[in-house]
Amino acid sequence: MAESPLVLVHRPPTMKYMDEPLSRYYRILTTHTSSDPLPIFLSRHASSVRAVVSIGRFKIDADFLSHLPSLQLIVCTSVGTDHVDLPECKRRGISVTNAGGAYSEDVADYAVGLLISFLRRIPAADRYVRSGKWAKYGEFQLGIKLSGKRVGILGLGSIGSLIAKRLEPFGCIISYNSTCQKQSIPYLYYPDVVSLAANNDVIILCCALNDQTRHIVNREVMESLGKNGVIINVGRGGLIDEKELVKCLVEGVIGGAGLDAFEKEPGVPAELFGLDNVVLSPHTAIATPGSFNNVVELALGNLKAFFLNQPLVSPVRLD
Amino acid sequence: MESIGVLMMCPMSSYLENELQKRFNLVRFWNFPETHRNSIRAVVGNASTGADAELIDDLPKLEIISSFSVGIDKIDLGKCKEKGIRVTNTPDVLTEDVADLAIGLILALLRRLCECDSYVRSGKWKYGGFQLTTKFSGKSVGILGLGRIGTAIAKRADAFSCPVSYHSRRAKPDLGYKYYPTVLELAENSDIFVVACPLTDQTRGIVNRQVMDALGAKGVDEQELVKALTEGRLGGAALDVFEQEPHVPEELFQLENVVLLPHVGSSTVETENAMADLVVSNLEAHFAGKSLLTPVV
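Now for a look at the structure at hand. Quantities reported herein were computed from a predicted structural model and do not represent experimental measurements.

What counts, and where the lines are drawn
- Residues numbered from 1 in each chain as written.
- Chains lettered and ligands numbered in written order.
- Predicted model: local features only at pLDDT ≥ 70, side-chain atom pairs only at ≥ 80, totals over all residues.
- Heavy atoms only, no water.
- Helix = DSSP H or I, 4+ residues; strand = E, 2+ residues; numbered from the N terminus.
- Rg over C-alpha atoms; globule rule 2.2 N^0.38 Å.
- Buried < 20%, exposed > 50% of the residue type's maximum accessible area, 1.4 Å probe, protein only.
- Contact = heavy atoms within 4.5 Å.
- Areas by Shrake-Rupley, 256 points an atom, 1.4 Å probe, with all protein chains shown as cover.
- Lys, Arg positive; Asp, Glu negative; His and termini not counted.
- Charge placed at Lys NZ, Arg CZ, Asp CG, Glu CD.
- Pairing = 2+ DSSP bridges.
- Axes fitted to C-alpha atoms, helices over the stretch in contact; angles between N-to-C directions.
- Phe/Tyr/Trp six-rings, centres within 6.5 Å; stacked < 30°, edge-to-face > 60°.

Time to look at the overall build of chain A. Regarding its fold elements, chain A presents twelve helices and twelve strands. In terms of overall dimensions, chain A is globule-like: its C-alpha atoms have a radius of gyration of 22 Å, near the 20 Å expected for 319 residues. Reported as C-alpha extents along the three principal axes, the dimensions of chain A are approximately 70 × 50 × 35 Å. Split into buried and exposed, the 319 residues of chain A put 55% on the buried side. Considering only contacts in chain A between residues 6 or more positions apart, those separated by 24 or more positions represent 58%. Of the roughly 13,600 Å² of accessible surface on chain A, a fraction of 52% belongs to carbon and sulfur atoms. The averaged location of the 31 negative side-chain charges in chain A is 3 Å from the averaged location of its 32 positive side-chain charges.

Structural data, given as structure tokens:
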């Protein structure tokens, strides 16, 4: 019987959840267990490797790829592929898959949760009760009504569509800006982020991070959104010019934000810690057992298809 | 109308206070508990401070109680009926806010949003990621009380692909949700149990030990609720209301599996103003001899 294929797993030491599922079908090689520098390790042990599983966001750049001459597939357990040099993959004929829709429901739920938590001041109100202040000082500060708010979604993909669906019964008026504008989409389309921000009370970021979208939410967009405007970010930190965001929050250029992602995680600008017009979250929108089960199944599905020369389940476009 | 005495029971909205002050002779109960009894023709209360039999008896000229709330369990309705005193509340204007908050509470509880926020602010994220939390989409939601608010909650939960079921005084087959004839059966068949019914003699303590055990580790007799939570027999609770507000059982303060809010269901600027306008309109209608807008009695 042929030996099972060798799969390289490129992950931080703590993210072990794929090891057991993978080892049911494949021999696995992990990059973090060797004391050799990575290029040497790869040259010594991984020259026959045809598939890599990428967990977490260690960079997969041209240099890494140059040490894997047999590589034909990168399976990412994230939705975002901004850590992978996609043009280089295309050049080398390497396919890339991502988490597809495995996390979409959880992230959509979380985006709505962040928005309601911000408008209705849930974390601060919870602290108010626990600290005994309600009994001592009486009524808490008023919140802001969600119903009727205009919500602009940046990136109407799998996650963005589910967010829109969830917000509709709350009486929100949905519009969007996305790389694809379809006639079949029932929401109003805005051709750019500035006009999306100008015409909405809330913008929710759930698009991919790439060269076109880095810092797409800049000072101009925030000024356009205005002093009562809210930003919810369940995409990548890099979508927002974070330095400007902090200034805009502190100075009241925008009303507030619910943030699950930051530019240099787990580093978060300390100026945010004392603000009451933010809800902060440690990049945890996907973190439920259900999502992890989904992505394990999806990753295995992509690997199985690859080794059987069948179409991949969740391929990513490389251009 | 400036000579009409209106007794406001507690601070509840400065917008409402101003509007009442402009039109009536406003007496603030918390500053003047003993005075002006004979001149009071209207009382304005709220969800936590209403008008009991003793107060009603003490106000011989009382004609109308206009509550700054939809809940009227703190008003002695029997006494009002007996004495021909009208009672109004503020339905509809706050339905959306309360339903929005109910979903917010569920998400905050299941996804641990409050703790996540503290986790980042305290700097703990540098030392490791937050724990896994519980998915909301697809969970079964059981609603106790399918009135205006319950229905609005159901509509929202639907959009999260949650199968919705309910128990109410009467089945409402037009709405398309599954009906359970008892609270216990509803609890047995729900992952998430939402209490959205009025507090009446029939519903006091309706969420009792049996119901909580049926819900399992996966509201309300408050003492039983506290025990169920601290003993781990109930998975979690997100509470915007308590039996003796603003006092909250302190055993709850240390628990991770609770979200505690200071009765903010309708606390947005927009809704409080709409509620205040409704209170004032009811009073004006009454004193002008016109029909009340939102009478309860």
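After that view of the structure, there is still more to cover.
Right, let's talk about the sheet that holds strand S8 (residues 178-179) of chain B for a bit. Pairing between the strands of a sheet is mediated by backbone hydrogen bonds and can be parallel or antiparallel. Residues and elements named next belong to chain B. With respect to topology, four strands assemble into an open sheet ordered S8-S7-S6-S9, the strand pairing being parallel. Each end of this open sheet is capped by a strand with a single partner; those strands are S8 and strand S9 (192-195). Across four bridges, the pairing between strand S6 (residues 141-144) and S9 is parallel. Bridge pairing in S9 links Gly142 to Phe193. Against the sheet, helix H6 (residues 148-158) engages S6, strand S7 (164-167) and S9, with an angle of about 170 degrees to S6.

Moving on: the side chain of Asp109(A). By the element assignment, Asp109(A) lies in helix H5 (residues 104-119). Setting aside residues no more than four positions away along its own chain, Asp109(A) makes contact with Arg166(A), Leu107(B), Arg111(B), Phe136(B), Ser137(B) and Phe160(B).

Before going further, it helps to spend a moment on the packing of aromatic side chains. Where two aromatic rings form a pair, the distance of their centres and the angle of their planes describe that pair. Residue and element names in this part refer to chain A. Applying the stated criterion across every chain yields a total of twelve aromatic pairs over all chains. With centroids separated by 5.5 Å and ring planes inclined at 35 degrees, the aromatic side chains of Tyr26 and Phe307 adopt a geometry described as tilted. Pair noted here: Tyr26 is in the loop between helix H1 (19-23) and strand S2 (27-30) and Phe307 is in helix H12 (residues 289-307), with a separation of 281 residues, a long-range link. Look at Tyr26 and you get buried, because its relative accessible area is 9%. With 5.3 Å between their ring centres and 65 degrees between their planes, Tyr176 and Tyr189 make a pair best called edge-to-face. Here Tyr189 lies in strand S8 (residues 188-189) and Tyr176 lies in strand S7 (residues 173-177), a separation of 13 residues in the sequence.

Before going further, it helps to examine the sheet that holds strand S5 (residues 95-97) of chain A. All names here are of chain A. The strand order S2-S1-S3-S4-S5 describes an open sheet built from five strands, whose pairing is parallel. Looking at which strands have only one partner, the edges of the open sheet turn out to be S2 and S5. Mean inter-strand twist for the sheet, computed between neighbouring axes without regard to direction, equals 25 degrees. Across four bridges, strand S3 (residues 51-54) lies against strand S4 (residues 73-76) in parallel orientation. Each bridged residue has a counterpart across the sheet, and for Val52 the counterpart in S4 is Ile74. Packing against the sheet, helix H2 (residues 38-45) makes contact with strand S1 (6-10) and S2, and its axis sits at approximately 170 degrees to S1. Each of S1, S3, S4 and S5 touches H12; the most contacted strand, S4, lies at about 165 degrees to it.

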